[in-house]
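Commentary on secondary and tertiary structure
Each chain, written out:
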Amino acid sequence: MKVTETFLKGCFVIEPKVFGDKRGNFFEVFSQKIFEEKTGLKIEFVQDNQSISQRGVLRGLHLQKGKFAQAKLVRVIKGSVLDVAVDVRKNSPTYGKHFSIELSEENNKQLFVPRGFLHGFSTLEDNTIFSYKCDNYYHKEAEDGVIFNDKDLNINWKLEKDDILLSEKDKILPTFLEFKKLK
Ligand SMILES: Cc1cn([C@H]2C[C@H](O)[C@@H](COP(=O)(O)OP(=O)(O)O[C@H]3O[C@@H](C)C(=O)[C@@H](O)[C@H]3O)O2)c(=O)[nH]c1=O
């Protein structure tokens, strides 16, 4: 398992070692021991989530506030996404900066998104299965976010504008400026 820290401190790309043979392949999706050794973090995941999305679906940018904050370990089981993590940790030298990476059933890459980050993804293929572990439980009242096309964040979601499909909730998320003011 290869673990590489991104330019955003505490945000890691994880590439499992895949063992292929004539039957197919095998890999460890998650090992607490290796994760802790290679990241230096102590994380206890308590909830596993899965979603299916059609091409063009964009989920995000989301976080849970305060004591309900969640770190997430995200991956794609089928299809592909462009996954995006935005650093909104107070006093972080990379505040407002984002990291994006393609996660797919082919590359098996995972992204570890720490607490204090906005997270979202755009779906690049139909019937994409997205799966993630969280280190804190879902808490509806703590949900917050930023609109995906915020001009200050300036994220390239690798989708045509007309292809993007959002939830009603995600259509009315605040701008990054508004989000910052509310803090
Ligand atoms: C996230 C979540 C949703 N739900 C419910 C609420 C709602 O009725 C339905 C769909 O929820 P949403 O529209 O919020 O799902 P979605 O837009 O996929 O939300 C997710 O987006 C990605 C980008 C993330 O980072 C996640 O943390 C989460 O916020 O599922 C749960 O029961 N538990 C959960 O943990």
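Residues numbered from 1 in each chain as written. Predicted model: local features only at pLDDT ≥ 70, side-chain atom pairs only at ≥ 80, totals over all residues. Heavy atoms only, no water.

As recorded by an unreviewed UniProt entry, the protein carries the name dTDP-4-dehydrorhamnose 3,5-epimerase and is attributed to Polaribacter haliotis. Checking UniProt for the protein, the heading Subunit (unreviewed entry) contains the comment "Homodimer." Word for word, the UniProt comment on the protein under Catalytic activity (unreviewed entry) is "dTDP-4-dehydro-6-deoxy-alpha-D-glucose = dTDP-4-dehydro-beta-L-rhamnose". (UniProt positions renumbered as here; feature names shortened; annotations may be inferred.)

1. Re the sheet that holds strand S1 (residues 2-5)
A sheet is described by the order of its strands in space; here 6 strands give the open sequence S1-S2-S10-S7-S12-S5, paired in antiparallel fashion. Only two strands of the sheet have a single partner each, and these edge strands are S1 and strand S5 (47-53). Each adjacent strand pair in this sheet contributes to an overall mean axis angle of 20°, direction not counted. The pairing of strand S7 (residues 72-78) with strand S12 (residues 128-134) spans 6 bridges and is antiparallel. When the sheet's bridge partners are listed, Leu 73 is paired in S12 with Lys 133. (Pairing = 2+ DSSP bridges. Helix = DSSP H or I, 4+ residues; strand = E, 2+ residues; numbered from the N terminus. Axes fitted to C-alpha atoms, helices over the stretch in contact; angles between N-to-C directions.)

2. With respect to the sheet that holds strand S11 (residues 117-123)
An order of S9-S8-S11-S6-S13 is seen for the 5 strands of this open sheet, with the pairing classed as antiparallel. Because the sheet does not close on itself, it has two edges, and the strands there are strand S9 (98-104) and strand S13 (143-145). Sheet twist, expressed as the average angle between the axes of neighbouring strands with direction ignored, equals 30°. Here strand S6 (residues 58-64) pairs with S11 via 3 bridges, running antiparallel. Looking across to S11, one finds that Leu 58 is bridged to Ser 122.

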